[in-house]
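# What the coordinates show
Here is how the chains run, residue by residue.
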Amino acid sequence: KPKKKIQYQQSMALNFTNPKDANGYPVLVENEETYQTQDNVSFALNKVELEKGKAMLTTHRILWYKTADPSAPCLEIPLCYIGKHKSAGGWMSSEKIQFWLANTHQHPYYVKDKYENVLRQALPPVPAYPLEFTLKFKDGNRDKFRNQLKEAIDARHWMTPSRKVKEEEKLDSKAFRGMAGIKERMEKKSQQNYSDISTGFQDL
């Protein structure tokens, strides 16, 4: 059965969204970088297909959005949830990538890191991510997108700690080295004292 086309504004009901800036582009999280952006891509979910937009692949997520309407939502799919994906379509139909997600009941590492270590706030509820969805590439370029998708998933850049965590780990490391240095000097001093005492007894 063909999927029903719906107005983009109806996707406002979906809560797995990401903020956009004043120009309509997705706001990236700390340490997140862009691999590529493809135009004229549709996001198919269940029995509906959201009208054509842009699909952005980053080190952390797949983002689907439209720059024409800054008020319209940007959908996000964290790469850490992708359990399986495969190519489909082509020849007589649009090239597609089908996705199946897993472990969507918990936040990705970078979200936990942000709230627990940077903002020092309680974690928000986990969005209701779909268990499966499809990207349709109306202008082709599916294989290029999927090849870099594999690279991004293998690299696991989303596990990179935030700058704040790195700074705290650096301070902890310095403190540890400082304490270790003090301990080492005390041990050497103790050994020297013992050596002096032993020499004194020998002289007697």
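Above this text you will find the structure in question.
Quick summary incoming for the structure in this document. All figures in this text were calculated on a predicted structure; none of them were measured in a lab. (Residues numbered from 1 in each chain as written. Predicted model: local features only at pLDDT ≥ 70, side-chain atom pairs only at ≥ 80, totals over all residues. Heavy atoms only, no water.)

When strand β3 (residues 34-45) meets strand β4 (residues 48-58), the two strands line up antiparallel, connected through 8 bridges. Looking across to β4, one finds that T34 is bridged to T58. Taking the residues between adjacent antiparallel strands as the criterion, β3 and β4 are bridged by 2 residues, where N46 takes a positive phi near 55 degrees. Two elements, β3 and strand β9 (residues 132-137), share 4 bridges in a ladder whose sense is antiparallel. Opposite F43, over in β9, you have L135 as the bridge partner. (Pairing = 2+ DSSP bridges. Helix = DSSP H or I, 4+ residues; strand = E, 2+ residues; numbered from the N terminus.)

Now for the pairing of strand β8 (residues 93-101). Inspection of the sheet shows strand β7 (residues 82-90) paired to β8 by 8 bridges, in the antiparallel sense. In the sheet register, H85 faces β8, and the bridge partner there is F99. Between β7 and β8, which follow one another and run antiparallel, lie 2 residues, and W91 among them has a positive phi close to 65 degrees. Looking at chain direction, β8 and β9 are connected through 6 bridges and run antiparallel. Counterpart to E95 in the pairing with β9 is F137.

Below, the discussion takes up the side chain of E49. On the secondary structure map, E49 appears in strand β4. Owing to a relative accessible area of 3%, E49 belongs among the buried residues under this scheme. Within the structure, E49 has its side chain in polar contact with the side chain of S42 (distance 3.3 Å). Among the polar contacts made by the side chain of E49, one reaches the side chain of K136 at a distance of 3.0 Å. (Buried < 20%, exposed > 50% of the residue type's maximum accessible area, 1.4 Å probe, protein only. Polar contact = N/O pair within 3.5 Å; in protein donor to acceptor, adjacent residues only side chain to side chain.)

Bringing helix α1 (residues 109-119) into the picture now. Every buried residue belonging to α1 is among Y110, V111, D113 and Y115, and all of these are buried. One or two positions beyond α1, positive phi appears at R120, with a value near 55 degrees.

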